[in-house]
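Here are the chains, one letter per residue:
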Amino acid sequence: MERSKIALFIDVENLTHWIKHNGPEALISELGATGQLIVRRAYGNWGNPCVQGFQSELNRLGFELVHNYHPVSKKNSSDIQLTIDVMEYALKLEDVQWFVLATGDSDFSPLFRRLREKGKDVIGVGPKSPLSESVKTSCSKFIYTNTEQPVSKKEIRSAIDDAMDVVEGILRKASGPLALASIKNSILNIDSAFNERSLGFSSFTDFIKSNEFIILNQDPKNKSWSASISTDEQANSLQSTEQSTSLEKQYESLLRKKQWRPVSSNTLRFVYEICGASELRSKEQIAQAVLSHEENSETRADINKAITILIKSGVLKSPNVDPEAHGEKIWSVDKSVNFLLSVDLALVSRLLSSSKEKNIAIEKDALRDFLYGKYDNTTFNALLKEASERAGDSSLNRERSPA
């Protein structure tokens, strides 16, 4: 079978940090699984001291170095030249199926869409930013260049949670088991930046196996895997498996049953601060305000989860309905409540309610580390008492782990 042909274009001056840290070589290695790279072009003002040092390495990797002189300071003329060349190659080399554009901070959405209209597959490459979150919807796949930045465990778990929600939604709509390749393609159609390796999994199969509500089956003939969502009976039979997972993962699984999707404390604080500094807004307006903030680095999915947590915690309240928003509720911060304490109270009450339904004991020490706020013993025990009353019962394992 003939391999797909790929054309790769890099805007060097917008991606200097990525190039300095061997980004092009890693990208070429990753693209090797997709097809054969027949076009490699790198654009920049090669007289610029900031990029001169990259010439030797890019030449070693087989790139044609395209020089773009910038007559106006701080204006990058490579964007226009790259766009012209991409369209020329798309017209001239009809057998090139994949176009990979590593472009940094420029909005190439119109170019991406035009390529896809011509039946081409497009891979975008750039740093994670509000721009990339909007651009990636125009791509077949999006690869982040700033994956070397430290990410907290809670942020990774949040990203895994988002991806699992997508998988479960795909499987629930299916009339039967789906091949894993089909599931992954469906995920990429929804989130082109999905990459199981960035979530800590060595393969897509391992990623699917980590979900206790998904049943995997292997065809004995061709050894291919398929997956389906488990029934309630099967989920109950997996309860003993839940006991062997880490407590944090177990608690997050229990919260998912109550439609509570955890986010990092940084995300929650950032969204809260923007909500507190603004007037009454709809959920969509709040999300847009966060996305457009100059210091924002959060994804739309995490922003929406943070907004939902603030609403469920009573931190965001809706006193009335906006008549100009077709009956949509508008929200404002209730400054009379303690922000983190209200969030943790809502979290614990849901966790206790879910653990009671599953007959799973909650260990107090582990729970303490799971909360957003840090509390002394008196405040912590008062929080547990109120959360237990809200949940209707306490499933805390007081004997094993006293506070």
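Right above here is the structure, for reference.
Owing to the predicted nature of the structure, the values given are computational and were not obtained by experimental measurement. (Residues numbered from 1 in each chain as written. Predicted model: local features only at pLDDT ≥ 70, side-chain atom pairs only at ≥ 80, totals over all residues. Heavy atoms only, no water.)

J.: Help me get a handle on the pairing of strand β1 (residues 4–11), residues and values and all.
T.: Each regular strand shows side chains that alternate between the opposite faces of the sheet. Burial analysis of β1 places seven of its eight residues in the buried class, the great majority of the element. Pairing of β1 with strand β2 (residues 35–44), which is carried by eight bridges, proceeds in the parallel orientation. Bridged to I6 within β2 is L37. Pairing between β1 and strand β4 (residues 96–102): six bridges, direction parallel. Considered in β4, the bridge of F9 is made with L101. (Buried < 20%, exposed > 50% of the residue type's maximum accessible area, 1.4 Å probe, protein only. Helix = DSSP H or I, 4+ residues; strand = E, 2+ residues; numbered from the N terminus. Pairing = 2+ DSSP bridges.)

J.: Could you give me a rundown of helix α6 (residues 109–117), with the residues and numbers involved?
T.: Restricting attention to buried positions, one finds in α6 the residues S109, L111, F112 and L115. Viewed end-on, α6 has its buried residues packed into an arc of 165 degrees, placing them on one side of the element. Among the exposed residues of α6, those pointing more than 90 degrees away from its buried face are P110 and E117. Residues of α6 that are buried sit in contact with α5 (78–92), β4, β5 (121–126) and α7 (130–135). Two residues or fewer after α6 comes G119, characterised by a positive phi angle close to 85 degrees. (Arc of directions from axis to C-beta. Contact = heavy atoms within 4.5 Å.)

J.: Residues and numbers for the side chain of E252, please.
T.: Within the element layout of this structure, E252 appears in helix α13 (residues 247–256). What makes E252 buried here is its relative accessible area of 10%. Those residues in contact with E252, other than ones at most four positions away along the chain, are R157, P262 and F370.

J.: Now, about the pattern of salt bridges: what can you tell me, with residues and values included?
T.: In the structure shown here, the tally under the stated rule is 17 salt bridges. Between E30 and R197 there is a salt bridge, with the nearest N and O atoms lying 3.5 Å from each other. With E30 in helix α2 (residues 23–31) and R197 in the loop between α9 (180–190) and α10 (204–209), this residue pair connects regions lying 167 residues apart in the sequence. As a salt-bridge pair, E168 and R172 come within 3.5 Å of each other at their nearest N and O atoms. With E168 and R172 both in helix α8 (residues 153–173) and four residues apart, the pair spans about one turn of that helix. The exposure class assigned to E168 is buried, which follows from its relative accessible area of 7%. For R172, a relative accessible area of 55% puts it in the exposed group. Linked through salt bridges whose partners overlap, the residues forming this network are E25, E57 and R60. (Salt bridge = Lys/Arg side-chain N within 4 Å of Asp/Glu carboxyl O.)

J.: Would you mind going over the sheet that holds strand β6 (residues 141–144) in detail, with residue names and values included?
T.: To summarise the sheet geometry, strands pair through backbone hydrogen bonds and adopt either a parallel or an antiparallel arrangement. Reading across from one edge, β3-β2-β1-β4-β5-β6 is the order of the six strands in this open sheet, with parallel pairing throughout. Whereas interior strands pair on both sides, the edge strands pair on one side only; in this sheet they are β3 (64–67) and β6. Put simply, the sheet's adjacent strands are angled 20 degrees from each other on average, direction ignored. (Axes fitted to C-alpha atoms, helices over the stretch in contact; angles between N-to-C directions.)

Keep in mind these numbers describe shape, not what the thing actually does.
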